[in-house]
Amino acid sequence: MLYYLFRYLHEHFHIPGTGVFQYTTFRAGLSVIVSLLIAQIFGGRLIKVLQKKQVGETIRDLGLQGQLDKKGTPTMGGLIILLAILVPVLLFARLRNIYIILMLLSTVWLGLIGFLDDYIKVFRKNKEGLSGRFKILGQVGLGITVGWVLFFSEEVTIRQYVLPNGTLSEIDASKVYHDVHLMITTVPFMKNNELNYGDLFASAGDMFNGLYSILYIPIVIFLVTAISNGANLTDGLDGLAAGTSAIIGVTLAIFAFVSGNALLADYLDVMFIPDSGELVVFCTAFVGACVGFLWYNSYPAQVFMGDTGSLALGGIITVLALIVRKEILIPILCGVFIIENLSVVVQVGWFKYTKRKYGEGRRLLRMSPLHHHYQKLGYHESKIVSRFWIVSIMLAIITLVTLKLR
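Keep in mind that this is a model prediction, so the values were computed, not measured.

*Asks:* Looking at this structure, I do not really get the overall build of the protein. What am I missing?
*Replies:* Helices and strands together make up the secondary structure of the protein, namely 14 helices and 5 strands. Relative to its 406 residues, the protein shows a buried fraction of 50%. Nonlocal contacts in the protein, meaning residues at least 24 apart in sequence, comprise 72% of its contacts between residues at least 6 apart. For the protein, the exposed area adds up to about 19200 Å²; of that, 64% sits on carbon and sulfur atoms.

And the structure:
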């Protein structure tokens, strides 16, 4: 909103200083500052309200060190994260940008699903919360919506540059260009690192050219569901999900900045995606919200984010990666979320298999998700969180290295 106000003042009244709002970097800086302030100011007040209403976490005794000390800690703190993301974006981003609209939709959509789950648990006293099938239905619905928009909207384009002889060139701002709607993604560690989804069906003939939507949209659904649930499972130790998400958010902010800047895209020889630079404003708000929330969520936590925050974090990260055409990098960048997810799948699958084969279930891990396994081994909670953060930083660096290492 402020972006449009200051642009109007600059264009019609030429007030000195108002033109600075045209710069994405300036608005991104304001976005992270306001996000941190909202998390700090609103967070403390929300915690007091939640404590007054006795919105406390119900803890099952799983025999984990320090677990029962958390009984009664306020939950639904994800509201702090959602507010700290939405307010700066609404203030400083270009709200007519298709990518900003998608990110706002994803944030609110999964935030509402998580809020309903927490509300049922806390106020309806139902420990199961929102039924699993309704959660999945909501995630699938968002996946279909995001996939449909990215696949069919003519506003979603990439820029291709043309040499005088008509052949496509490498990115070069001095060449003639066309903004075209193509579903192309980035393949890491390869010289010619662009994959057109349509090429997957090219050998099947012209009549199958449109079928790659059948492949793309299910991929989006799978990624949104998997990473959203992975973030949800990771939210089991103080600061773990928020810190990991902040690290991933910084990485995606760099990708968005590079992909949305013609000169940097030219220098690094990466895909230039018009208008995607505006996502930097969203990313900085996202990182600020996660870091600001850590003020209250670091060990020992004063508030838990609940599903209100964790489901939204995973979905936001996935949609950001899809927009900047880095979905193939998600297994690396979101490695912590994925390994947490897999640890549960493998544990449950192995238990069922051994029970069927030997008559009694056996476990590969002492407990799942993976962070609880390390708790059972005697590691302190803060040490586990710190080491998971370190792993996340390493994975983020590997992801960024793909910009040049091919």
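What follows continues from the structure just given.
*Asks:* Where do I start with the pattern of salt bridges in this structure?
*Replies:* It is possible for side chains of opposite charge to pair when their charged atoms get near one another. Taken as a whole, this structure holds 8 salt bridges when the rule is applied. Across the salt bridge formed by D117 and K121, the nearest N and O atoms sit 3.2 Å from each other. Taken together, the positions of D117 and K121, both in helix α4 (residues 98-122) and 4 residues apart, correspond to about one turn of that helix. Judged by its relative accessible area of 30%, K121 is partly exposed. If you follow the salt bridges from partner to partner, you end up with R27, R94, D275 and E278 in one network.

*Asks:* Please clarify how the packing of helix α2 (residues 24-52) against helix α3 (residues 78-92) should be interpreted in this entry.
*Replies:* A packed helix pair is summarised by two numbers, namely the angle formed by the two axes and the spacing between the axes. Where α2 contacts α3, the two axes come as close as 8 Å, and the packing angle between them is 145 degrees. Considering only the axes of α2 and α3, their crossing is right-handed. Here α2 contributes R27, L30, S31, V34, S35, I38, A39, F42, G43 and L46 to the contact with α3, which in turn contributes L79, I80, L83, A84, V87, P88 and F92.

*Asks:* Please explain the packing of α4 against helix α10 (residues 306-323) as it appears in this structure.
*Replies:* Across the interface, α4 lies against α10 with an axial gap of 7 Å and an inter-helix angle of 155 degrees. Considering the angle they form, α4 stands roughly antiparallel to α10. For the element pair α4 and α10, the recorded crossing hand is right-handed. In terms of residue class, the contact of α4 with α10 is made up of 12 nonpolar, 7 polar and 4 charged.

*Asks:* What exactly am I supposed to notice about the environment of V391 here?
*Replies:* Mapped onto the secondary structure, V391 falls in helix α14 (residues 381-401). For V391, a relative accessible area of 39% corresponds to the partly exposed category. Between the C-alpha atom of V391 and that of T244, which follows or precedes it by 147 residues, the distance is 9.2 Å.

*Asks:* How should the packing of aromatic side chains be read in this particular structure?
*Replies:* When we look at a pair of aromatic rings, we describe it by the centre distance and by the angle of the planes. For the coordinates displayed, the defined rule picks out 13 aromatic pairs. Measuring from centroid to centroid gives 5.0 Å for Y119 and F123, while their planes differ by 35 degrees, and the two rings are tilted. For F123, a relative accessible area of 38% corresponds to the partly exposed category. In this structure an aromatic cluster arises from ring pairing among F6, F21, F26 and F92. The positively charged end of R362 is found above the aromatic ring belonging to Y358, 4.1 Å away from the centroid. Its end group placed over the ring of Y267, K404 keeps NZ or CZ at 5.9 Å from the ring centre.

*Asks:* Would you mind showing me how to read the environment of I254 here?
*Replies:* Looking at the element boundaries, I254 is found in helix α7 (residues 240-259). Under the relative-accessibility criterion, I254 is labelled partly exposed at 33%. Spatially, the C-alpha atoms of I254 and L279 are 10.0 Å apart, while their sequence positions differ by 25 residues.

*Asks:* When you look at α7 in this model, what are you seeing that I'm missing?
*Replies:* Along an α-helix, residues three or four apart share an orientation, since each turn contains 3.6 residues. The first and last C-alpha atoms of α7 sit 29 Å apart over 20 residues, in line with the 28 Å expected at 1.5 Å per residue. Counting buried positions along α7 gives 17 out of 20 residues, so the element sits mostly inside the fold.

*Asks:* Explanation requested: a nonpolar patch on the surface in the structure shown.
*Replies:* A grouping of F189, I393, I397, I398, V401 and L405 is seen on the molecular surface, where their side chains present a nonpolar patch of about 500 Å² in accessible area. Residue placement: I398 occurs in helix α14.

*Asks:* Help me understand the side chain of D307, please; the structure alone is not making it clear to me.
*Replies:* For D307, the location among the structural elements is in helix α10. The exposure class of D307 is buried, given its relative accessible area of 6%. A polar contact is formed between the side chain of D307 and the side chain of N232, at a distance of 2.7 Å.

*Asks:* Please clarify how the environment of P369 should be interpreted in this entry.
*Replies:* With respect to the helices and strands, P369 occurs in the loop between α12 (335-358) and α13 (370-376). Look at P369 and you get buried, because its relative accessible area is 9%. In this structure the C-alpha to C-alpha distance between P369 and E340, which are 29 residues apart in sequence, comes to 5.4 Å. Among all residues touching P369, those that are not within four sequence positions of it are L233, E340, S343 and V344.

*Asks:* Would you mind going over unusual backbone geometry with me for this structure?
*Replies:* The phi torsion of most residues other than glycine is negative, and most of the peptide bonds are trans. Looking along the chain, the bond that leaves Y299 and enters P300 is cis, with omega of -10 degrees. Relative to the helices and strands, P300 is located in the loop between α9 (279-297) and α10. Omega for the bond connecting S368 with P369 falls within 30 degrees of zero, at 0 degrees, which places this linkage in the cis form. For D275, which is not glycine, the phi torsion reads 75 degrees and is therefore positive. With respect to the helices and strands, D275 occurs in the loop between α8 (262-268) and α9. The backbone phi angle of R325 is positive, close to 60 degrees, even though this residue is not glycine. When you line up the elements, R325 lands in the loop between α10 and α11 (330-333).

Rules behind the numbers
- Residues numbered from 1 in each chain as written.
- Predicted model: local features only at pLDDT ≥ 70, side-chain atom pairs only at ≥ 80, totals over all residues.
- Heavy atoms only, no water.
- Helix = DSSP H or I, 4+ residues; strand = E, 2+ residues; numbered from the N terminus.
- Buried < 20%, exposed > 50% of the residue type's maximum accessible area, 1.4 Å probe, protein only.
- Contact = heavy atoms within 4.5 Å.
- Areas by Shrake-Rupley, 256 points an atom, 1.4 Å probe, with all protein chains shown as cover.
- Salt bridge = Lys/Arg side-chain N within 4 Å of Asp/Glu carboxyl O.
- Axes fitted to C-alpha atoms, helices over the stretch in contact; angles between N-to-C directions.
- Left-handed = near helix turned anticlockwise from the far one by under 90°.
- Parallel < 35°, antiparallel > 145°, perpendicular 65-115°, else oblique.
- Nonpolar A, V, L, I, M, F, W, Y, C, P; charged D, E, K, R; others polar.
- Phe/Tyr/Trp six-rings, centres within 6.5 Å; stacked < 30°, edge-to-face > 60°.
- Lys NZ or Arg CZ within 6 Å of the ring centre and 35° of its normal.
- Expected span 1.5 Å × (residues − 1).
- Patch = residues over 30% accessible without salt bridge, like charges linked within 9 Å, V, L, I, M, F, W, Y side chains within 5 Å.
- Polar contact = N/O pair within 3.5 Å; in protein donor to acceptor, adjacent residues only side chain to side chain.

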